[in-house]
Amino acid sequence: MENGEQKKMCNCCGKEICMEPMDDREEYLEVTKEWGYFSRKDGEVHHFLLCESCYDRLTERFCLPVEKRLQTELL
């Protein structure tokens, strides 16, 4: 990693998420949640990363499936 960037690690399985080179680059889910007044976590900010495999394992257990759409233009 350049410029002192920290490694990105999956919070679920602990695997390092490959950011470079482009051939091996991996996608991941990054979540940041600021908990509000009506929460037991009021004032806390939670942040985590999930690799694609952990995301798939998590979402396949959902009672309601993840809403999926196809992008018509990919950048």
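In the block above lies the structure referred to throughout.
It should be emphasised that the depicted structure is a prediction, and the values quoted were computed from it without experimental measurement.

(A) Inspection of the overall build of the protein at higher detail. Scanning the protein from N- to C-terminus turns up one helix and four strands. Starting at the N terminus and walking to the C terminus, you meet the elements of the protein as β-β-β-β-α. Overall, the protein is about 45 × 35 × 25 Å in size when its C-alpha atoms are taken along their principal axes. The burial tally for the protein puts 12% of its 75 residues in the buried class. Entry remark: accessible area of the protein is about 7200 Å², with carbon and sulfur atoms responsible for 49%. Mean positive and mean negative side-chain charge positions of the protein (11 and 17 charges, respectively) differ by 8 Å.

(B) View of the nonpolar core. C10, I17, M19, L49, L50, C51 and C54 form the largest nonpolar core, which has seven residues in total. Among all residues touching I17, those that are not within four sequence positions of it are K8, M9, C10, E26, Y28, L49 and C51.

(C) Local environment of the environment of C51. Summarising the element assignment, C51 is placed in strand β4 (residues 45–51). For C51 and T32, which are 19 residues apart along the polypeptide, the C-alpha to C-alpha distance reads 15 Å. If we skip the residues at most four places from it in the chain, C51 touches C10, C13, K15, I17, E27 and Y28.

(D) Representation of the pattern of salt bridges in the model. In the structure shown here, the tally under the stated rule is two salt bridges. Between K7 and E16 there is a salt bridge, with the nearest N and O atoms lying 4.0 Å from each other. Since its relative accessible area comes to 38%, E16 is described here as partly exposed.

(E) The arrangement of the environment of K7 in detail. Looking at the element boundaries, K7 is found in the segment before β1 (8–9). For the pair formed by K7 and M19, sequence separation is twelve residues and the distance between their alpha carbons is 8.5 Å.

(F) How the structure looks around a negative patch on the surface. The grouping of E27, E52, D56 and E60 at the surface amounts to a negative patch. With respect to the secondary-structure elements, E52 resides in helix α1 (residues 52–59). Judged by its relative accessible area of 49%, E52 is partly exposed.

About the criteria used
- Residues numbered from 1 in each chain as written.
- Predicted model: local features only at pLDDT ≥ 70, side-chain atom pairs only at ≥ 80, totals over all residues.
- Heavy atoms only, no water.
- Helix = DSSP H or I, 4+ residues; strand = E, 2+ residues; numbered from the N terminus.
- Buried < 20%, exposed > 50% of the residue type's maximum accessible area, 1.4 Å probe, protein only.
- Areas by Shrake-Rupley, 256 points an atom, 1.4 Å probe, with all protein chains shown as cover.
- Lys, Arg positive; Asp, Glu negative; His and termini not counted.
- Charge placed at Lys NZ, Arg CZ, Asp CG, Glu CD.
- Core = buried A, V, L, I, M, F, W, Y, C linked by side-chain atoms within 4.5 Å.
- Contact = heavy atoms within 4.5 Å.
- Salt bridge = Lys/Arg side-chain N within 4 Å of Asp/Glu carboxyl O.
- Patch = residues over 30% accessible without salt bridge, like charges linked within 9 Å, V, L, I, M, F, W, Y side chains within 5 Å.

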